[in-house]
Amino acid sequence: MKTIQHFLLSISILTLIACDAQDHGPTISLPKTVDYSYEIVADSIDIPWGLSILSSTDFLVTEKAGTLYHVVEGVKTAVKGLPPVYVRGQGGLLDVAHSPDYAKDGLIYFTTSSPLGEEKGGHTALYSAKLENDSLVDTTLLYKGDFNTKKGQHWGSRIAFDSEGHVFFSIGDRGNREVNPQDITRDGGKIYRLNRDGSIPKDNPFTTTENSRKAIYSYGHRNPQGMITHPETGEIWVHEHGPRGGDEINVIKAGKNYGWPLITYGINYSGTPITDITAKDGLEQPLYYWVPSIAPSGMAFSTSGIYPKWKDNLFVGSLRFEYLERLELKNNTVVKREKVLDSIGRVRNVEQGPDGYLYLGVEGKGILKIIPKSY
Amino acid sequence: MKSLSLFLIATFTGLSLFLYQRKPLVQSIIDGEEIYVDFCVQCHMTKGEGVPGAFPPLANSDYLQDIDKSIHAIKFGLKGPITVNGKAYNSVMVSQGLDEEEIADVMNYILRNWGNETDEIITQEKVSSIQK
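How each quantity is defined
Residues numbered from 1 in each chain as written. Chains lettered and ligands numbered in written order. Predicted model: local features only at pLDDT ≥ 70, side-chain atom pairs only at ≥ 80, totals over all residues. Helix = DSSP H or I, 4+ residues; strand = E, 2+ residues; numbered from the N terminus. Buried ≥ 20, exposed ≤ 12 C-beta atoms within 10 Å, placed from the backbone. Contact = placed C-beta atoms within 7 Å. Nonpolar A, V, L, I, M, F, W, Y, C, P; charged D, E, K, R; others polar. Pairing = 2+ DSSP bridges. Axes fitted to C-alpha atoms, helices over the stretch in contact; angles between N-to-C directions. Core = buried A, V, L, I, M, F, W, Y, C linked by C-beta atoms within 7 Å. Parallel < 35°, antiparallel > 145°, perpendicular 65-115°, else oblique. Left-handed = near helix turned anticlockwise from the far one by under 90°.

1. Thoughts on the overall build of chain A
Working step 1: When its secondary structure is counted, chain A shows two helices and 25 strands.
Working step 2: For chain A, the spread of C-alpha atoms along the three principal axes comes to 80 × 55 × 35 Å.
Working step 3: Sorting the 375 residues of chain A into buried and exposed places 45% on the buried side.
Working step 4: Nonlocal contacts in chain A, meaning residues at least 24 apart in sequence, comprise 56% of its contacts between residues at least 6 apart.

2. Section: the interface of chain B and chain A
Working step 1: Contacts between the two partners involve eight residues from chain B, matched on the other side by 15 residues from chain A.
Working step 2: Its residues placed into classes, the side of chain B that touches chain A shows four nonpolar, three polar and one charged.

3. Things to note about the environment of Trp155(A)
All names here are of chain A.
Working step 1: Tracing the sequence through the fold places Trp 155 in the loop between β10 (135-144) and β11 (159-161).
Working step 2: With 186 residues separating them in the primary sequence, Trp 155 and Leu 341 have C-alpha atoms 28 Å apart.
Working step 3: Once you skip the residues sitting within four places of it in the chain, Trp 155 turns out to touch Gln 90, Gly 91, Leu 94, Ser 113, Thr 124, Ile 171 and Gly 172.

4. Topic: the sheet that holds strand β6 (residues 75-78) of chain A
Residue and element names in this part refer to chain A.
Working step 1: The sheet built from four strands is open, its strands ordered β3-β4-β5-β6 with antiparallel pairing. Bordering the open sheet on either side are β3 (48-55) and β6, each of which pairs with just one other strand. Each adjacent strand pair in this sheet contributes to an overall mean axis angle of 25 degrees, direction not counted.
Working step 2: In the sheet, strand β5 (residues 67-72) pairs with β6 via four bridges, with the strands oriented antiparallel. Residue pairing for β6: Val 71 is matched across the bridge by Lys 76.

5. Things to note about the nonpolar core
Working step 1: Core analysis: the largest hydrophobic core is formed by 69 residues, its most contacted members being Val61(A), Phe168(A) and Tyr192(A).
Working step 2: The contact partners of Tyr192(A), leaving out residues within four places of it in the chain, are Tyr143(A), Phe168(A), Phe169(A), Ile171(A), Ala215(A), Ile216(A) and Tyr217(A).
Working step 3: Phe39(B), Ile74(B), Val106(B) and Val127(B) belong to the second-largest nonpolar core, a separate cluster that totals 18 residues.

6. Let's talk about the packing of helix α4 (residues 67-76) of chain B against helix α5 (residues 100-110) of chain B
Residues and elements named next belong to chain B.
Working step 1: Viewed as axis vectors pointing N to C, α4 and α5 meet at an angle of 135 degrees, and their least axial separation amounts to 11 Å. For the element pair α4 / α5, the angle class is oblique. Note on packing geometry: the crossing formed by α4 with α5 is right-handed. Contact with α4, carried on its side by Ser 70, Ile 71, Ile 74 and Lys 75, involves Ile 103, Val 106 and Met 107 of α5 and no other residues of that element.
Working step 2: Residues that form the contact of α4 with α5 fall into these classes: five nonpolar, one polar and one charged.

7. Points about α5(B)
Residues separated by three or four positions in an α-helix point in the same direction, a consequence of the helix having 3.6 residues per turn.
Residues and elements named next belong to chain B.
Working step 1: Burial runs high along α5: nine of the 11 residues are buried.
Working step 2: Glu 102, Ile 103, Ala 104, Asp 105, Val 106, Met 107, Asn 108, Tyr 109 and Ile 110 are the residues of α5 that are buried.
Working step 3: Where α5 is buried, its residues meet α2 (25-39), α4 and α6 (124-129).

8. Structural notes on the pairing of strand β4 (residues 58-63) of chain A
All names here are of chain A.
Working step 1: Most of β4 sits inside the fold, with five of its six residues counted as buried.
Working step 2: Relative to β4, β3 is paired through six bridges, and the arrangement is antiparallel. Bridging across to β4, Pro 48 finds its partner in Glu 63.
Working step 3: What sits between the antiparallel neighbours β3 and β4 is a turn of two residues.
Working step 4: The pairing of β4 with β5 spans six bridges and is antiparallel. By the bridge assignment, Leu 60 is partnered in β5 with His 70.
Working step 5: Once β4 ends, the chain turns through three residues before running back antiparallel as β5, passing Gly 66 with a positive phi of about 120 degrees.

9. Some thoughts on the sheet that holds strand β19 (residues 296-301) of chain A
What links the strands of a sheet is backbone hydrogen bonding, and the strands pair in either a parallel or an antiparallel sense.
Working step 1: Across the sheet, which stays open at both edges, the five strands sit in the order β1-β22-β21-β20-β19 (chain A) with mixed pairing between neighbours. One side of each edge strand has no neighbouring strand; the edge strands of this open sheet are β1 (28-29) and β19 of chain A.

So, in structure tokens, the structure goes:
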């Protein structure tokens, strides 16, 4: 009898595991008809990491190697006056975004790998500045992670704004997953929230926790390189690179722990396990996860009517498989996945412009604009 | 006074010799493996096998027989078409920001693994001599 019980138990566990491995959404498909094309609006950029679209002819683009380009009608000018950029591994000049009140305050925000500080190496920093005659002025360091390390991995770092005067940004685990992501007294593996002037919001979740980094908004992240404010709910949506397998989309809530590396749907690059569990009480589950990893970078919702079939869909760049992924969602569940511009190159970033068009940063190419054919 | 000067000279000479002493090959290979796991493995994979069509293999790689060209690629980055073991690749490898000692270490590691062989020990000076 006991043997039968054991047998049945094993069967149900196996079934659970099998469901777990498969039951995470649709497989990706190619579109039946392609009714769009693209044009290059800024060319010859090796790694166009960040993109801020001021108008349909006026962009700011970061090149990871350490150049901020101001692109006006296709002509690139390198902006002068950048603070020090620490180019190391996956690090360099990272994201750029403009303030939601740009017309009034003229502020741009950017993140960079920074060598500032006592220790050797670097960590992620967030700055604000203004652009005057293609130079940065009033450059203000709003946040600098520490402690510096010479590790090349996992700097984050995307920037997003809510409608309540906050700026959010991410820092990855900086190649030290056993220490950083679960420790709120240290930087790395976190989503941060600041007031737009860099001060700490009084209602941040860990302001009263002793020795904590007060700017932390959520923790237990690996390497978030996509972040967007949901156009309807105003929530911060993030995606992050998993190890081998287990890239995730997470909806960020104040003070929550997203589980890295205690739970994950991925394994080490070498094929060995990181942990044998994918869920645990007190740790948030992703809204969606990718196995195998697509290596996601950049994130945007299409809310304009320019691509009627894509209205309210989520778009995510794939570095690994070199396409733009389109995700249809119903009640916060992914119901369809499709490759847009298959084999276009490593898609580093995607943004919706104020003109409603989708713009991509593609490695080795530059900035591409998706043009609907039938309209 | 004289003995003090002699003492100082001796100390400084000893110290400089100590500081500039070449790192033993064994240690260089160990350090090189750490660099490899941090900076290279995501594309070139754990056994140097690369990713077909995207990232060239380092295992049994004919490209690595040209040591100067290989150091140049790590030091300054590499883009445009190349051929490795008879197969064509056209990706971008950006400079990883490694210092000269780290490049020497990772070269010593790669050149002695996954079927690659060499008698040459890559030194910091060698890496320094490779110019753009």
